[in-house]
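Coordinates in review
Read off the chains here:
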Amino acid sequence: MTDADAPMMQIGELADRAEMSLRTIRHYDEVGLLTPSGRSDGGFRLYTDADFSRLMVIRRMKPLGFSLDEMAELLRVVDALGAVDADADGAEGGGGAVPDTRARLDAFIADAAERRARLERQLAMADEFLELLRSR
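Below you will find a few notes about this structure. Given the structure is predicted, the values throughout are model-derived calculations rather than measurements. (Residues numbered from 1 in each chain as written. Predicted model: local features only at pLDDT ≥ 70, side-chain atom pairs only at ≥ 80, totals over all residues. Heavy atoms only, no water.)

**Structural notes on helix α5 (residues 97-134)**
- Taking 1.5 Å per residue as the helical rise, α5 with its 38 residues ought to reach 56 Å, and the 55 Å between its terminal C-alpha atoms agrees with that figure.
- Turning to α5, its buried residues number three or more, namely T101, F108 and R115.
- Buried residues belonging to α5 abut α3 (49-61) and α4 (68-86). (Helix = DSSP H or I, 4+ residues; strand = E, 2+ residues; numbered from the N terminus. Expected span 1.5 Å × (residues − 1). Buried < 20%, exposed > 50% of the residue type's maximum accessible area, 1.4 Å probe, protein only. Contact = heavy atoms within 4.5 Å.)

**Some words on the sheet that holds strand β3 (residues 45-47)**
- Pairing within the open sheet is antiparallel, and its three strands lie in the order β1-β3-β2. Unpaired on one side and paired on the other, β1 (9-10) and β2 (38-39) mark the two borders of the sheet.
- Here two bridges tie β1 to β3, and the two strands are oriented antiparallel to one another. Paired with Q10 across the strands is L46, a residue of β3. (Pairing = 2+ DSSP bridges.)

**A short note on the packing of α3 against α4**
- Between α3 and α4, the shortest axis-to-axis distance is 11 Å and the interhelical angle comes to 140 degrees. In terms of orientation, α3 and α4 fall into the oblique class. Crossing of α3 over α4 shows right-handed handedness. Residue-level inspection shows R54, V57, I58 and M61 of α3 in contact with α4, the latter providing E70, M71, L74, L75 and D79.
- Residue composition of the contact of α3 with α4, by class: six nonpolar, no polar and three charged. (Axes fitted to C-alpha atoms, helices over the stretch in contact; angles between N-to-C directions. Parallel < 35°, antiparallel > 145°, perpendicular 65-115°, else oblique. Left-handed = near helix turned anticlockwise from the far one by under 90°. Nonpolar A, V, L, I, M, F, W, Y, C, P; charged D, E, K, R; others polar.)

**Observations concerning a nonpolar patch on the surface**
- Taken together, the side chains of F129, L130, L132 and L133 present a nonpolar region at the surface, about 360 Å² in accessible area.
- Since its relative accessible area comes to 48%, F129 is described here as partly exposed. (Patch = residues over 30% accessible without salt bridge, like charges linked within 9 Å, V, L, I, M, F, W, Y side chains within 5 Å. Areas by Shrake-Rupley, 256 points an atom, 1.4 Å probe, with all protein chains shown as cover. Salt bridge = Lys/Arg side-chain N within 4 Å of Asp/Glu carboxyl O.)

**Examining the packing of α4 against α5**
- Running from N to C, α4 and α5 cross one another at 135 degrees; their axes reach a closest spacing of 10 Å. Here α4 is positioned oblique relative to α5, judged by the angle of their axes. The element α4 and its partner α5 pack so that their crossing is left-handed. Across the interface between the two elements, E70, E73, L74, V77, A80, L81, V84 and D85 of α4 pack against V98, T101, R102, R104, L105, F108 and R115 of α5.

Now the structure itself:
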């Protein structure tokens, strides 16, 4: 099935599935993070399951404190690696592009791991605080 054949959903269904507001999704469109795959005859945004997956990447980055610019950069890396995977049956030829892109992905992974560890420490402190309050 091609993207053109993929089932489409309106923004309300996407928002419900992602547990996000319409306003947030529209904002991500305005800043170029999540472009709808199509438009209805009435001009409404239409999204595919691939768009939903992209939105979930964005949603998962948010609690880790990534900026919109950092989110956009990671999505470019993911898109570039996806394009390489799609062309995997073709000739090699990208020079150093693939290793550079993978290195950028590795940097995001390391950064996300650090941010997660920081959140884990904050959660432990919150648990200690709650326990302190409950013991009174």
